[in-house]
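Structural characterization, general
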Amino acid sequence: MSRRPIIAGNWKMHNNRAESAKLVCAIKEAIQDIDKDALPEVVVAPVFTSLGVVSENICHCGCERIKLAAQNCYFEPKGAFTGEVSIDMIKDFGAKFIIIGHSERRQIFSETDEMINKKAIAIIEAGLTPIICCGETLEQRELGVTDSHIASQIVKALDNVKPSDIANVVIAYEPIWAIGTGKTCDSTEANRVIKVIRNTLAQIAGRENAEKVRILYGGSVKPETIKEQMAQSDIDGALVGGASLKAESFVEIIKGAMK
Ligand code: 13P
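Below is a summary of the structure that appears in this document. (Residues numbered from 1 in each chain as written. Predicted model: local features only at pLDDT ≥ 70, side-chain atom pairs only at ≥ 80, totals over all residues. Heavy atoms only, no water.)

**Thoughts on the pairing of strand β7 (residues 214–218)**
- Here β7 lies mainly inside the structure; five of its five residues are buried.
- Both faces of β7 are covered, namely the face carrying Arg 214, Leu 216 and Gly 218 and the face carrying Ile 215 and Tyr 217.
- As defined by bridge partners, strand β6 (residues 170–173) adjoins β7 across four bridges and the pair is classed as parallel. Considered in β7, the bridge of Ala 172 is made with Leu 216.
- Relative to strand β8 (residues 237–240), β7 is paired through two bridges, and the arrangement is parallel. Bridge pairing links Gly 218 to Leu 239 in β8.
- Taken together, β7, helix α11 (residues 223–230) and β8 constitute a β-α-β crossover, and its handedness is right-handed. (Buried < 20%, exposed > 50% of the residue type's maximum accessible area, 1.4 Å probe, protein only. Helix = DSSP H or I, 4+ residues; strand = E, 2+ residues; numbered from the N terminus. Pairing = 2+ DSSP bridges. Right-handed = clockwise from strand over helix to strand, strands pointing away.)

**Focus on helix α5 (residues 113–125)**
- With 13 residues, α5 extends 18 Å from end C-alpha to end C-alpha; this agrees with the ideal 18 Å at 1.5 Å per step.
- Looking at the residues trailing α5, positive phi occurs at Gly 127, about 85°. (Expected span 1.5 Å × (residues − 1).)

**Digging into the packing of aromatic side chains**
- Evaluated as defined, the whole model comprises three aromatic pairs.
- Note on Tyr 74 and Phe 81: the rings are 4.9 Å apart at their centroids and 45° apart in plane angle, and the pair reads as tilted.
- A connected cluster of aromatic rings, assembled from ring pairs, spans Tyr 74, Phe 75 and Phe 81. (Phe/Tyr/Trp six-rings, centres within 6.5 Å; stacked < 30°, edge-to-face > 60°.)

**Some remarks on the sheet that holds strand β5 (residues 129–134)**
- Strand order around the closed barrel formed by eight strands is β1-β2-β3-β4-β5-β6-β7-β8, with parallel pairing between neighbours. The average undirected angle you get between the axes of adjacent strands in this sheet is 25°.
- Its contacts with the sheet put helix α1 (residues 17–31) on β2 (41–45) and β3 (66–70), and the angle it makes with β3 is roughly 150°.
- Sheet strands touched by helix α12 (residues 247–256): β1 (6–10), β2 and β8. Its angle to β1, the strand with the most contacts, is close to 160°. (Axes fitted to C-alpha atoms, helices over the stretch in contact; angles between N-to-C directions. Contact = heavy atoms within 4.5 Å.)

**A few points about the site of the ligand**
- Looking at the ligand, there are 13 residues lining it, with Lys 12, His 102, Gly 180, Ser 220 and Gly 242 nearest.
- Here an oxygen atom of the ligand sits 2.8 Å away from a polar atom, N or O, in the side chain of Lys 12.
- Contact between the ligand and Gly 241: an oxygen atom at 2.9 Å from a main-chain N or O atom of the residue.
- For the ligand, the cavity whose grid points lie within 2 Å of the majority of its atoms is the second largest pocket.
- Along the lines of polarity and charge, the residues of the shell around the ligand split into four nonpolar, seven polar and two charged. (Near = heavy atom within 4 Å. Polar contact = N/O pair within 3.5 Å; in protein donor to acceptor, adjacent residues only side chain to side chain. 1 Å grid on protein atoms, 1.4 Å probe; cavity = no way out; pocket = protein on both sides within 12 Å on 5 of 7 lines; lining within 4 Å. Sits in = over half its atoms within 2 Å of the grid points. Nonpolar A, V, L, I, M, F, W, Y, C, P; charged D, E, K, R; others polar.)

**Examining the layout of surface pockets**
- Taken as a whole, the largest pocket encloses approximately 380 Å³ of empty space.
- Forming the boundary of the largest pocket are 13 residues, of which Lys 12, Met 13, Val 47, Gln 71 and Arg 105 lie nearest the centre.
- When grouped by side-chain class, the residues that make up the lining of the largest pocket number six nonpolar, four polar and three charged.
- Contributing to the lining of the second largest pocket are 14 residues, with Lys 12, Gly 180, Ser 220, Gly 241 and Gly 242 lying nearest its centre. (Points joined across faces, edges and corners; volume = space filled by probe spheres on them.)

**Re the pattern of salt bridges**
- All told, the structure shown has 18 salt bridges when counted by the stated rule.
- Across the pair Arg 141 and Glu 136 runs a salt bridge whose closest N-O atoms are separated by 2.8 Å.
- The partly exposed category is assigned to Arg 141, whose relative accessible area is 23%.
- What makes Glu 136 buried here is its relative accessible area of 0%.
- A network of salt bridges, in which partner residues are shared, links Arg 3, Arg 198, Arg 207, Glu 211, Asp 234 and Asp 236. (Salt bridge = Lys/Arg side-chain N within 4 Å of Asp/Glu carboxyl O.)

Quick look at the structure:
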């Protein structure tokens, strides 16, 4: 089963419109001459306020090498939900992906598995692809409950999602202790947990669908780590935070994930 790798940059709460335009243009320029089939699927997730300017610089000028993602959404289509953004509003910018369930959203903004499940269902119904994040804290790892915690997050996020739709979702395994700390999870250990995720997917959606799901690793991914990560059997790409804020390091990561 060959799964096309994804390298996604999660810009988090960085970059105003001018900075976002500059960054996406630099990425675009650096990869524009690379054979499309050799490239991984490249995704950037700016803040909501930069979706417009990034969209203008990729979707509107026919750049097929970079796809747009949002970092969050709300599951209701419209209404009295002050401060929230609907999936259709995000789709309006030409976005193809929406990151949901990031540990920062779970921990800082108290998002529950139930909310993440509602978001996943609504994103799939809208024809977009959710990038569903999961990951354990250091405490959970030390208690030896990593695998059961991750499996539970996956089962809950995908409750009531059709097996054929599960085949198209993207999962990001992001151990919380590795996010923004410079401490990358050992590649073989990340691959082991990702296999736990794939086996969980096989239990809920069948082996064939589970083999199609792209599962990314996230947590202090750097140009120096990507080759070893991509060499693992089940790691299908990366969700990159800090190193996606500089075109140079992000492009090096993209190149490290090329066929
Ligand atoms: P860092 O790459 O900065 O560790 O962030 C990872 C992350 O949270 C991506 O979503």
